[in-house]
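# Fold and geometry: a report
Single-letter residue listing:
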Amino acid sequence: MLELKNEHLTATFLTSGAELISLKDSKGTEYLMRDERYWGYTAPHLFPVIGMLQDSTLRHEGRNYTQKRHGFARNMEFQVASQKEDTLVFDLLSSEKTKSLYPFDFLFRVIYTLKNTALTISYQVENRSSEVMPYSVGAHPAFWVPFQKDEEFTDYALVFEKEEHLERVPINIETGLLKKPKTLFMEKASRIPLQKSLFKEDALIFQNLESSYVTLESSKNEGTVRFHFKEFPFLGIWTTDDDAPFLCLEPWAGHADYEGFQGDYLEKEDNVLLNQNESRTFSYTIEIR
């Protein structure tokens, strides 16, 4: 395991999936959930696919490639490219194995930067193919809710930076595919009180929010997590609808297939497209307050 640490936070990582598996404050409070009784991951990286594809298939130039939910990066071994006092960089390069699943040459770089009470996670994707490369990229960190033993899930709320007209992108809970059109979730709201019933139809997915961050806060204690996601056009919010004590905040550039999509992955709505030798970076930040 690898570690970044300052006087405020300690972050712990695995090379498997380049995954962040622990984020503790100076008092020893753990903010990230890692417990396979509830979920098999802690903060996986989603690449080159987010969510489910129609028939679990990525189609490109007449060929079909099997793709599991959220892509393969979260289950791959990354190389440590560099480590400094406040920065840790992991690289995943395309290989024969990845090209059997996704027919492009790429560099997928995950950069962690620890500064004061915040950890920034950046995704740099570089197209090393000779053609345009489509992809989706995103994150899926799971936070303990509640953080403290004297609290319950319903003591928490998500508070957006700005008042939002919240339209939800609905999900087919049987297939994991998205449905059209959007449906009204809340009108002119900045606060979502948490309750498990919100997730009976899977994740809440919002597109192009006005807010640049959302705060996960308790009505009983002062500690909060401020989650900065502005560079990503989609925000997913998910937990199970049982008593599992966690909540995932998921910034996405891309999403699952819409029902019925059978086109080439180049044609998929909201994918990111890179020309040859082009790169792009998306970042989000977990701030402990």
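Our subject in this report is the structure included herewith.

Calculation criteria
Residue numbers here run from 1 along each chain, matching the order of that chain's written sequence. Only residues with pLDDT of at least 70 get local features here, since the model is predicted, and only at 80 or more are side-chain atom pairs given and counted; chain-wide, interface and lining totals rely on the full set of residues. Hydrogens and water molecules were not included; the side-chain quantities draw on all heavy atoms of the structure. Each pair of strands is called paired provided DSSP finds at least two bridges between the two strands. In this description a helix means any DSSP run of H or I spanning at least four residues, a strand means any run of E spanning at least two, and both kinds are numbered starting from the N terminus. Axes, fitted as lines to C-alpha atoms, cover a helix only where it is in contact. Angles between the N-to-C directions of the axes lie from 0 to 180 degrees. Grouping buried Ala, Val, Leu, Ile, Met, Phe, Trp, Tyr and Cys residues that are joined through side-chain atoms within 4.5 Å yields what is termed a nonpolar core. Buried residues are those whose accessible area, probed at 1.4 Å on protein chains only, stays under 20% of the maximum for their type, while exposed residues exceed 50% and partly exposed ones sit between those limits. In what follows, residue pairs with any heavy atoms lying within 4.5 Å of each other are defined as contacts.

## Quick notes on the sheet that holds strand S17 (residues 213–218)
Read across the open sheet, the 9 strands follow the order S7-S8-S9-S10-S22-S18-S17-S14-S15; overall the sheet is antiparallel. With partners counted over all chains shown, the strands left at the sheet margins are strand S7 (79–83) and strand S15 (183–193), one partner each. Mean inter-strand twist for the sheet, computed between neighbouring axes without regard to direction, equals 20°.

## Focus on the nonpolar core
With 90 residues, the main nonpolar core has Tyr 102, Phe 108, Tyr 112, Tyr 135, Leu 216, Leu 247 and Ile 286 as its most contacted residues. For this core, the element with the highest residue contribution is strand S20 (residues 246–253), accounting for 6 residues. When near neighbours in sequence (up to four residues on either side) are disregarded, Ile 286 contacts Leu 20, Leu 23, Thr 117, Ala 118, Leu 119, Ile 121, Phe 143, Val 225, Arg 226 and Phe 227.

## Section: the environment of Asp 241
Considering the arrangement of structural elements, one finds Asp 241 in the loop between strand S19 (234–238) and S20. The spatial distance from the C-alpha of Asp 241 to the C-alpha of Ser 197 is 6.3 Å, given a sequence separation of 44 residues. Asp 241 has contacts with Lys 196, Phe 199 and Lys 200, leaving out every residue within four places of it along the chain.

## Here we look at unusual backbone geometry
With an omega dihedral of 15°, the bond running from Val 145 to Pro 146 counts as a cis peptide bond. Relative to the helices and strands, Pro 146 resides in the loop between strand S13 (142–144) and strand S14 (156–168). One non-glycine residue, Asn 208, adopts positive backbone phi at about 55°. With respect to the helices and strands, the residue Asn 208 is situated in the loop between strand S16 (204–207) and S17. Residue Asn 208 is classed as exposed on the basis of its relative accessible area, which comes to 52%. Positioned with a positive phi, Asp 270 is a non-glycine residue whose angle comes to about 75°. As for its position among the elements, Asp 270 is in the loop between S20 and strand S21 (272–274).

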